[in-house]
Amino acid sequence: MLNKEVEQAFNAQINAEFWSAYLYLSMSMHFAHEGFDGIANWFAVQFKEEQDHATIMMNYVNSRGGKVVLAPIAEVETSWDTPMAAFAATLAHENKVTGLINDLYALATAKNDYATQSMLKWFIDEQVEEEETAESFINALKKIGDNGYGLYMFDKELAARTYTTPSPLAAKA
Ligand code: FEO
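What counts as what
- Residues numbered from 1 in each chain as written.
- Predicted model: local features only at pLDDT ≥ 70, side-chain atom pairs only at ≥ 80, totals over all residues.
- Heavy atoms only, no water.
- Helix = DSSP H or I, 4+ residues; strand = E, 2+ residues; numbered from the N terminus.
- Rg over C-alpha atoms; globule rule 2.2 N^0.38 Å.
- Buried < 20%, exposed > 50% of the residue type's maximum accessible area, 1.4 Å probe, protein only.
- Areas by Shrake-Rupley, 256 points an atom, 1.4 Å probe, with all protein chains shown as cover.
- Lys, Arg positive; Asp, Glu negative; His and termini not counted.
- Charge placed at Lys NZ, Arg CZ, Asp CG, Glu CD.
- Expected span 1.5 Å × (residues − 1).
- Polar contact = N/O pair within 3.5 Å; in protein donor to acceptor, adjacent residues only side chain to side chain.
- Contact = heavy atoms within 4.5 Å.
- Core = buried A, V, L, I, M, F, W, Y, C linked by side-chain atoms within 4.5 Å.
- Phe/Tyr/Trp six-rings, centres within 6.5 Å; stacked < 30°, edge-to-face > 60°.

### Quick word on the overall build of the chain
A count of helices and strands for the chain gives six helices and zero strands. Across the chain, helices and strands are ordered from the amino to the carboxyl terminus as α-α-α-α-α-α. The C-alpha radius of gyration computed for the chain amounts to 17 Å, which stays within 12% of the reference 16 Å derived for 173 residues, consistent with globular compactness. Projected onto its principal axes, the C-alpha positions of the chain cover 55 × 30 × 25 Å. Relative to its 173 residues, the chain shows a buried fraction of 44%. When the accessible area of the chain is evaluated, it comes to approximately 9200 Å², of which 55% is carbon and sulfur surface. When the 12 positive and 24 negative side-chain charges of the chain are each reduced to one mean point, those points stand 8 Å apart.

### So, helix H1 (residues 4-33)
Since the α-helix advances by 3.6 residues per turn, residues separated by three or four positions end up pointing in the same direction. Spanning 30 residues, H1 covers 44 Å between terminal C-alpha atoms, matching the ideal 44 Å at 1.5 Å per step. The opening residue of H1 is Asn-3, an N-cap whose side-chain oxygen sits 2.8 Å from the backbone nitrogen of Glu-5.

### Section: the side chain of Gln-117
Within the secondary structure layout, Gln-117 lies in helix H4 (residues 114-144). Under the relative-accessibility criterion, Gln-117 is labelled buried at 11%. Excluding its chain neighbours within four sequence positions, the residues that come into contact with Gln-117 are Tyr-105, Ala-108, Thr-109 and Asn-112.

### A look at the nonpolar core
Grouped together as the largest cluster of nonpolar side chains are 22 residues, with contacts concentrated most on Met-27, Phe-31, Ile-39, Phe-43, Phe-87, Phe-154 and Leu-158. Sorting the residues of this core by element identifies H1, helix H2 (37-63), helix H3 (83-110), H4 and helix H5 (148-158) as the ones contributing at least two each. Look past the residues within four positions of Phe-154 in its chain and what remains in contact with it is Ile-39, Phe-87, Phe-137, Ala-140, Leu-141 and Ile-144. Within the second largest apolar cluster, 19 residues are counted, among which are Ile-14, Val-68, Leu-104 and Met-119.

### Overview of the packing of aromatic side chains
On inspection of all chains with the given rule, the structure shows 13 aromatic pairs. Ring geometry for Tyr-24 and Phe-43: centres 5.8 Å apart, planes at 20°, overall stacked. Here the residue Tyr-24 occupies a position in helix H1, and Phe-43 occupies one in helix H2, the gap between them amounting to 19 residues. Summarising the burial analysis for this pair, Tyr-24 and Phe-43 share the class buried. A ring pair is formed by Phe-87 and Phe-154, whose centres lie 6.0 Å apart and whose planes are at 85°; its orientation type is edge-to-face. Of this pair, Phe-87 sits in helix H3 while Phe-154 sits in helix H5, placing them 67 residues apart in sequence. By the burial criterion, Phe-87 is buried, and Phe-154 matches it. Ring pairing ties together the aromatic residues Tyr-24, Phe-31, Phe-36, Trp-42, Phe-43, Phe-87, Phe-137 and Phe-154, which thus form one cluster.

Remember, this is a structural readout, not a statement about activity or role.
Encoded structure:
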């Protein structure tokens, strides 16, 4: 049976993951409107991944006899001045999420909840990847500056991103 405090922390994290999904969907819609179809595609895949993160956590809470309680999702921003502004916001947000996952892991450790520590390892690794990706885009955009052709190629590259089911969900399918 899941410890009540751990259950509450998971419910807060599930809400944070859905908020992340909503943020990235908002970014996707913004860049689709601005004519950056590749960036819009990248954020649309990100939107799906964040829903997957919430789903993995919901499945886990259920599997441990806990109760998932879905809270309202707070408002998100709806426009960004530049792709750089959006990826800087993405990196700042992912840094925050990393902190939340670390807090959850620390709580599971304090409660001697080894199963939760084990399942959270996938998220800890995922956060390293998410931060690294956002940083690499920021670095690329710094080099591109206001070069229109560079931005055009950046957008084209992001159009190639495709969605794949994450391993904790693929294992369940
Ligand atoms: Fe679910 Fe982007 O962390």
